[in-house]
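# Chain and residue survey
Below are the chains, spelled out letter by letter.
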Protein chains: 2
Amino acid sequence: MDQPDKICWIAVDWGTSNLRLWAMDQNNAVLDRRESGQGLNKISDGGFEAVLTELVSGWLPKSNAKIPVVICGMAGAKQGWREAPYCTVPVRPDELAAGAVSPPVDHARLSVFILPGAKQVEDPDVMRGEETQLVGFMADMPDYDGWVCLPGTHSKWARVQNGAILSFRTYMSGEVYGLLAQNSILRHSMADDWNDDFFRDAILKAAGQPGDFLHRLFGIRAAGLVGNATLPGGPATLSGYVIGVEIADMVPRLTPGSAIALIGDGKLAVLYETALACHGHSARLINAETATLGGLCRAYTVLAASLSPDF
Amino acid sequence: MDQPDKICWIAVDWGTSNLRLWAMDQNNAVLDRRESGQGLNKISDGGFEAVLTELVSGWLPKSNAKIPVVICGMAGAKQGWREAPYCTVPVRPDELAAGAVSPPVDHARLSVFILPGAKQVEDPDVMRGEETQLVGFMADMPDYDGWVCLPGTHSKWARVQNGAILSFRTYMSGEVYGLLAQNSILRHSMADDWNDDFFRDAILKAAGQPGDFLHRLFGIRAAGLVGNATLPGGPATLSGYVIGVEIADMVPRLTPGSAIALIGDGKLAVLYETALACHGHSARLINAETATLGGLCRAYTVLAASLSPDF
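Let us look at the pairing of strand β10 (residues 155-161) of chain B. All names here are of chain B. With 6 of 7 residues buried, β10 is to be regarded as a mostly interior element. Alignment of strand β9 (residues 146-150) against β10, held across 5 bridges, turns out to be antiparallel. The residue bridging Gly146 from the neighbouring strand is Val160, located in β10. In this structure, the hairpin formed by β9 and β10 is closed by a connection of 4 residues. Joining the antiparallel neighbours β10 and strand β11 (residues 164-171) is a turn of 2 residues, in which Asn162 adopts a positive phi near 50°.

Between chain B and chain A, the residue contacts involve 47 residues of the former and 47 residues of the latter. For the pair chain B and chain A, the interface holds 2 salt bridges. Put simply, Arg169 of chain B and Asp212 of chain A hold a salt bridge, and the shortest N to O gap is 4.0 Å. Inspection of the chain B/chain A interface yields 11 residue pairs in polar contact (both at pLDDT 80 or more). Breaking the side of chain B that touches chain A down by element, the ones donating at least two residues are β7 (118-120), β8 (125-127), β11, α4 (173-183), α6 (213-226) and α7 (234-250) of chain B. Ranked by residues supplied to the side of chain B that touches chain A, first place goes to α6 of chain B with 11 residues. Across the side of chain B that touches chain A, the residue classes break down as 22 nonpolar, 12 polar and 13 charged.

Residues and elements named next belong to chain A. With respect to topology, 5 strands assemble into an open sheet ordered β11-β10-β9-β12-β13, the strand pairing being mixed. The outermost strands of the open sheet, each flanked by one partner alone, are β11 (164-171) and β13 (284-286). Along the sheet, successive strands turn relative to each other by an average axial angle of 25°, direction set aside. With 6 bridges joining them, strand β9 (residues 145-150) and strand β10 (residues 155-161) adopt antiparallel strand pairing. Bridged to Val148 within β10 is Ala158.

Residues and elements named next belong to chain B. Structurally, Ser258 can be placed in the loop between α7 and β12 (259-263). Reaching out from Ser258, the side chain makes a polar contact with the backbone oxygen of Thr255 at a distance of 2.7 Å. In this structure, Ser258 is in contact with Asp145, Gly146 and Trp147, ignoring residues within four places of it in sequence.

Turning our eyes to something else, we now look at the domain arrangement of chain A. Residue and element names in this part refer to chain A. What the domain assignment lists for chain A is domain 1 (4-141 + 290-306) and domain 2 (171-288). Averaged C-alpha coordinates put domain 1 and domain 2 at centres separated by 32 Å. In this assembly, 7 residues from domain 1 lie in contact with 6 residues from domain 2. Both sides of the domain 1 and domain 2 interface together cover about 520 Å² of buried area, and 64% of this is carbon and sulfur. Our count for the domain 1 to domain 2 interface comes out at 0 salt bridges. Remark: the boundary between domain 1 and domain 2 carries 6 residue pairs in polar contact (both at pLDDT 80 or more). Breaking the side of domain 1 that touches domain 2 down by element, the ones donating at least two residues are α3 (130-140) and α9 (288-306). Taken together, the residues of the side of domain 1 that touches domain 2 sort by class into 4 nonpolar, 3 polar and no charged.

Cut-offs and rules
- Residues numbered from 1 in each chain as written.
- Chains lettered and ligands numbered in written order.
- Predicted model: local features only at pLDDT ≥ 70, side-chain atom pairs only at ≥ 80, totals over all residues.
- Heavy atoms only, no water.
- Buried < 20%, exposed > 50% of the residue type's maximum accessible area, 1.4 Å probe, protein only.
- Helix = DSSP H or I, 4+ residues; strand = E, 2+ residues; numbered from the N terminus.
- Pairing = 2+ DSSP bridges.
- Contact = heavy atoms within 4.5 Å.
- Salt bridge = Lys/Arg side-chain N within 4 Å of Asp/Glu carboxyl O.
- Polar contact = N/O pair within 3.5 Å; in protein donor to acceptor, adjacent residues only side chain to side chain.
- Nonpolar A, V, L, I, M, F, W, Y, C, P; charged D, E, K, R; others polar.
- Axes fitted to C-alpha atoms, helices over the stretch in contact; angles between N-to-C directions.
- Domains from an automatic or database assignment.
- Buried area = accessible area lost by both parts, 1.4 Å probe.

What follows is the structure in structure tokens.
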């Protein structure tokens, strides 16, 4: 980093497994970027500040000005750095920024703001991190009226309208897929032979009969044993059954004719796009990091306006 | 064991995690019983005979007669002692006995017979061990016409009629429950506070909407976070959702008016009985060890009749 004096604030997405940091200038342009494996589950008592300080060393301007650090994600969980209580849906970007908490920090140059997550009381649900991606998405599309899907470990579907998150629905799809593929009897059927046709076929089977999920899973293993050979396309079939059960439950809930956006990257986002296409729905793909950063910028802008002028 | 000379044969149920052995007299009465943790997944190359020999030491009569050892379960799997190829449904007890394989054994006094499992080609499915329990069940109830449920890691539902296993259906319920309770985010919601009402409530919710399984699971975690407290009855709710999805898929397949038997022990069998009662079905409980031993006795009787008189 050869121009730390241009750094105006620092954006952080502090998740369960990893964290990402961006050095930002006064126009919210990215000057530098870092990643670390020091996610929430690697940090023991009180280690958050030490990890942050280490990662932003070299980013602090020569002046003595305090640098705001705006953090979203699991750092605000009860077991995180400092709990930022959930905002209840329907929730708007300004409310989320207003709900930021500031842990005491020993480092004289850092001023930390941890953003809250969102919760839903009826049909209980929670998110931490995705709400910031939704804020970034809404900043780019202020008039959006439709659904936003955020595939992942705990896949989320949010209803977005008039610049607010109205409601949302989480599915444990990613975590269940991982446990089945790595820790269950199905690990013996996970040859590295991805096959798009098997994925589509599994999506359609799940659509036709979502309730037989626990039986269909065992069929992945049994099909290989009955044929005295490994079933081809095990990973694609498993992925299709798991995502297919999620999509089959979600599709009837989609407001007819409403838009669908997918915030995600790489293969997983394409799989969700394919699964939706099997149901006759098209989705707009949004880059996940762009959305996260957009949400952190929006939060910083709100926070900066409320800070004293000499901050 | 003070009367080894009465021992006529040895019955063994060799599963994935454990094995159980019974010393039997000529009238198929149990003279002694042993258990061991040396299941299939603990045994490396060729260790089966050594484990067996160690466990039956002290059970061999003083005469030089060979002792038949009749084994059911995973010892006959491809990765077991010696593969006993599956019999295809519909399958009768005599066919299973006839499908037994005998691995070469160094010990001069032991003559080993490993029973096959059963497979189903259309709607692919397999079982190893449960078919022997079904044989034991049918020996006691030769005219039974109905369904038999065998709850467990891979829960099975078999259609039994005229002394044959016609078809069956496996659900990964037990394994999925274990992975979710121990390895997923839901492990944080597994306080030791079993509550029958929460179990029944979850069974009914799963019956009403089995397709939202992956969402409902996350609700177990979220309900605690939204209320800023641990959700009471986490284990009962999770168990109810998992068993409930299985039962909700199975109940419409039950032939109207046909009998239901449950082969199992302890709490799990009672949970299945309760879940079926929520759907208006009653089930007859059958002790699992009695069924296993009955099936091994039936197999021994068939095998003994086919052995040379000087055996």
